Amino acid sequence: MSENENPSGNQGGRAASRTAVLVCQGRAVADGRPAAGRFTDPVAARLLSDAERTPVDEVRAGTPPRGWRARGAYESVRACAEIVVPRTVAIDDALRGHASGQLVILGAGLDTRAWRLPGLAATDVWEVDHPASQRDKRARLAELGDLPVTARSVRFTPVDFAVDDLGAALDAAGHDPSVPTTWLWEGVVPYLTRAQVRGTLAALAARTAPGSALVVNYQAPRAKAAAGRLLARALRFSATANEPWRSLWRPRRMAALLAEHGLPVVSDESLLDVAHDLGTPRKARGSLRSGRVAVAERP
Ligand SMILES: C[S@@+](CC[C@H](N)C(=O)[O-])C[C@H]1O[C@@H](n2cnc3c(N)ncnc32)[C@H](O)[C@@H]1O
């Protein structure tokens with residue numbers, strides 16, 4: 001896809017998510033590299049425009065560009081790759097352990113699981129995302145044309161968690177609340193207010209049959225990270241500048257919230273621990289420590 005063909009941008013109000021692109025760039029950097037055998041995402045690079053692939057290629061080659069803006073993009077993509085490897089491995093392991101016929105990916109962004117996980121052959125996938133981000137992804141997929149899905153089906157379901165009715169949207173898209181669902185909520189909770197997190201959780205809990213599971217990635221508070229993001233917003237070079245974090249959760253509070261909705265937590269680990277076990281880079285220690293993946297089950 002050429003830069004001019006990149007469909008990202010402001011589409012009727014809110015723009016497509018740039019953090020979704022950043023995470024995809026991180027996965028493209030890491031494809032087949034650290035955690036060899038545990039992490040591979042050959043689809044990620046294909047979803048990126050030529051311009052978006054430039055920092056990916058630079059990080060893979062270890063050749064930082066000149067100029068503060070390009071260097072900022074390079075560092076963001078490099079650091080992101082460090083985070084997404086343990087995050088993806090932890091989530092993919094959790095999904096394998098909680099397979100069901102229905103997988104709903106909330107805030108899917110440029111998630112590639114429906115195109116790369118062979119274990120989804122008997123699973124219908126609902127990709128739920130903000131309408132602007134979803135239009136962007138569908139345009140990128142249309143450019144590729146020939147990308148075969150590994151899931152049984154993929155159903156695109158546009159929902160703005162701030163204003164739309166998630167349950168009604170899933171009903172219309174054919175999700176069946178009477179049979180088990182695996183819910184995945186990766187890299188989205190920080191961008192929602194506490195009220196939006198509670199509202200989304202209430203809506204999904206109402207459609208969660210016994211035997212279902214929720215895999216949620218969230219951020220615990222960390223003073224240095226907040227300062228770093230404020231700086232990035234001030235400098236405006238970061239992909240995250242227009243997508244501020246709105247809620248951080250301590251593990252105890254997240255566990256209490258999930259339990260309130262009938263989803264007791266069965267595991268909750270920091271990405272630092274996962275990275276340590278995988279032997280992947282840990283330069284971004286603070287960010288790794290505050291990033292978490294919890295699994296909750298409906299008994
Ligand atoms: C950092 S990206 C993560 C994307 C993907 N889950 C991943 O990990 O690659 C954040 C995602 O949250 C979605 N998002 C943020 N606020 C949202 C809202 N109010 N309603 C729906 N989606 C939202 C964005 O559209 C974007 O796709």
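To be clear, the structure that these remarks concern was listed above.
Procedures and definitions
- Residues numbered from 1 in each chain as written.
- Predicted model: local features only at pLDDT ≥ 70, side-chain atom pairs only at ≥ 80, totals over all residues.
- Heavy atoms only, no water.
- Pairing = 2+ DSSP bridges.
- Helix = DSSP H or I, 4+ residues; strand = E, 2+ residues; numbered from the N terminus.
- Axes fitted to C-alpha atoms, helices over the stretch in contact; angles between N-to-C directions.
- Contact = heavy atoms within 4.5 Å.
- Phe/Tyr/Trp six-rings, centres within 6.5 Å; stacked < 30°, edge-to-face > 60°.
- Lys NZ or Arg CZ within 6 Å of the ring centre and 35° of its normal.
- Core = buried A, V, L, I, M, F, W, Y, C linked by side-chain atoms within 4.5 Å.
- Buried < 20%, exposed > 50% of the residue type's maximum accessible area, 1.4 Å probe, protein only.
- Near = heavy atom within 4 Å.
- Polar contact = N/O pair within 3.5 Å; in protein donor to acceptor, adjacent residues only side chain to side chain.
- Areas by Shrake-Rupley, 256 points an atom, 1.4 Å probe, with all protein chains shown as cover.
- Nonpolar A, V, L, I, M, F, W, Y, C, P; charged D, E, K, R; others polar.
- Lys, Arg positive; Asp, Glu negative; His and termini not counted.
- Salt bridge = Lys/Arg side-chain N within 4 Å of Asp/Glu carboxyl O.

Things to note about the sheet that holds strand E5 (residues 213-219)
Moving on, step 1. Taken together, seven strands build an open sheet; the order of strands is E3-E2-E1-E4-E5-E7-E6 and the sheet is mixed. Of all the strands in the sheet, just strand E3 (153-158) and strand E6 (265-270) have a single pairing partner and so form its edges. Adjacent strand axes in the sheet meet at a mean angle of 15° when their direction is disregarded.
Moving on, step 2. Looking at chain direction, strand E2 (residues 124-129) and E3 are connected through six bridges and run parallel. If you follow Val 128 over to E3, its bridge partner there is Thr 157.
Moving on, step 3. Packed on one face of the sheet, helix H5 (residues 131-144) meets E2 and E3 and runs near 145° to E3.

Some words on the packing of aromatic side chains
For any two aromatic rings, the description comes down to two numbers: the centre-to-centre distance and the angle of the planes.
Moving on, step 1. Under the counting rule described, the total for this entry stands at one aromatic pair.
Moving on, step 2. Positioned over the ring face of Trp 249 is Arg 194, at 4.1 Å from the centre of the ring.

Describing the nonpolar core
Inside soluble globular proteins, nonpolar side chains tend to come together where they are buried.
Moving on, step 1. The biggest cluster of nonpolar side chains holds 51 residues, and the ones touching the most others in it are Leu 95, Leu 103, Val 125, Leu 184 and Val 215.
Moving on, step 2. Elements with a contribution of two residues or more to this core: helix H1 (18-30), helix H2 (50-61), helix H3 (68-97), strand E1 (102-106), helix H4 (113-116), H5, helix H10 (271-278) and strand E7 (291-297).
Moving on, step 3. No other element matches the twelve residues that H3 contributes to this core.
Moving on, step 4. Setting aside its immediate chain neighbours within four residues, Leu 95 contacts Leu 103, Arg 113, Leu 117, Thr 182, Leu 184 and Val 215.
Moving on, step 5. Membership of the second largest hydrophobic core comes to 27 residues, among which are Trp 126, Trp 185, Val 197 and Leu 204.

Details of the site of the ligand
Moving on, step 1. Close to the ligand lie 22 residues, the nearest being Gly 107, Asp 129, Ser 133, Phe 161 and Glu 186.
Moving on, step 2. The separation between an oxygen atom of the ligand and a polar side-chain atom of Asp 129 is 2.7 Å.
Moving on, step 3. A distance of 2.7 Å separates an oxygen atom of the ligand from a polar side-chain atom of Ser 133.
Moving on, step 4. Contact with the protein chains removes 98% of the 590 Å² of surface that the ligand exposes when unbound.
Moving on, step 5. Here the shell around the ligand gets four residues from one element, more than from any other, and that element is H1.
Moving on, step 6. A per-class count over the shell around the ligand returns nine nonpolar, seven polar and six charged.

Section: the side chain of Glu 58
Moving on, step 1. For Glu 58, the position within the fold is in helix H2.
Moving on, step 2. Arg 71 provides the closest opposite charge to the buried, salt-bridge-free Glu 58, at an N-O distance of 8.6 Å.
Moving on, step 3. Look past the residues within four positions of Glu 58 in its chain and what remains in contact with it is Thr 63, Pro 65 and Tyr 74.

A few points about the environment of Pro 210
Moving on, step 1. Of note, Pro 210 is situated in the loop between helix H7 (194-205) and E5.
Moving on, step 2. Apart from residues no more than four positions distant in its own chain, Pro 210 is found in contact with Pro 180, Arg 298 and Pro 299.

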